[in-house]
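Summary of the model geometry
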Amino acid sequence: LGIQHGATELYYNRTVMRVVGTSLLMGGAMEEGTVLTVMSPSDLVEHARRGMVQIHGACERPIGQVLFDCGGRMGLMREVNQTSELARIVAGIPTAGFTTYGEFFGPLLLNHTLAGIIFDGGKGG
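Residues numbered from 1 in each chain as written. Predicted model: local features only at pLDDT ≥ 70, side-chain atom pairs only at ≥ 80, totals over all residues. Heavy atoms only, no water.

**Quick notes on the sheet that holds strand 5 (residues 62-70)**
The 3 strands lie next to each other as 6-5-9, forming an open sheet whose pairing is mixed. If you trace the sheet from one side to the other, it starts and ends with strand 6 (95-100) and strand 9 (114-120), each paired once. The mean inter-strand angle of the sheet, taken between neighbouring strand axes irrespective of direction, is 10°. In terms of strand pairing, strand 5 meets strand 9 through 7 bridges, oriented antiparallel. The partner of Phe 68 across the bridge, within strand 9, is Ala 115. (Pairing = 2+ DSSP bridges. Helix = DSSP H or I, 4+ residues; strand = E, 2+ residues; numbered from the N terminus. Axes fitted to C-alpha atoms, helices over the stretch in contact; angles between N-to-C directions.)

**Let's talk about the packing of helix 1 (residues 44-57) against helix 3 (residues 83-90)**
Following both chains from N to C, one finds helix 1 and helix 3 inclined at 10°, their axes separated by 10 Å at the closest point. By the angle between their directions, the pair helix 1 and helix 3 is classed as roughly parallel. Counting all contacts with helix 1, which are made through Val 45, Ala 48, Arg 49 and Met 52, the residues of helix 3 involved are Glu 85, Leu 86, Ile 89 and Val 90. Looking at side-chain class alone, the contact of helix 1 with helix 3 contains 6 nonpolar, no polar and 2 charged residues. (Parallel < 35°, antiparallel > 145°, perpendicular 65-115°, else oblique. Contact = heavy atoms within 4.5 Å. Nonpolar A, V, L, I, M, F, W, Y, C, P; charged D, E, K, R; others polar.)

**Digging into a nonpolar patch on the surface**
On the surface, Val 16, Val 19, Leu 24 and Leu 36 cluster together into a nonpolar patch covering about 310 Å² of accessible area. Following the sequence through the fold, Val 16 ends up in strand 3 (residues 16-20). You can call Val 16 partly exposed: its relative accessible area is 31%. (Patch = residues over 30% accessible without salt bridge, like charges linked within 9 Å, V, L, I, M, F, W, Y side chains within 5 Å. Areas by Shrake-Rupley, 256 points an atom, 1.4 Å probe, with all protein chains shown as cover. Salt bridge = Lys/Arg side-chain N within 4 Å of Asp/Glu carboxyl O. Buried < 20%, exposed > 50% of the residue type's maximum accessible area, 1.4 Å probe, protein only.)

In short, shape yes, function no, at least from these values alone.
Structure, rendered in structure tokens:
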């Protein structure tokens, strides 16, 4: 599901952990009256690959990275059997990290995020 924040046209993902009767158990609190929009997932591996190519391209010589991956995003990747494909994207650069609960954008909890820090071993890094 997606929600809009403020007057922007941007949508932010929210995880539905499970359906209980006619209720949705969400991965974080929702304010009463929040409008939810049903969204179709994009290719998570391709989206991650494009992001990694962009950020690594901005480095002279990426020498390591720490990645923080949302548990909801990893759960979806397990469901569609794409975790090994994600591992191939980060292969070749020493990587550490952990699963998170999401990120905050102001008061808004976001799910399905992959955030990180890339260490650049180049002269300007």
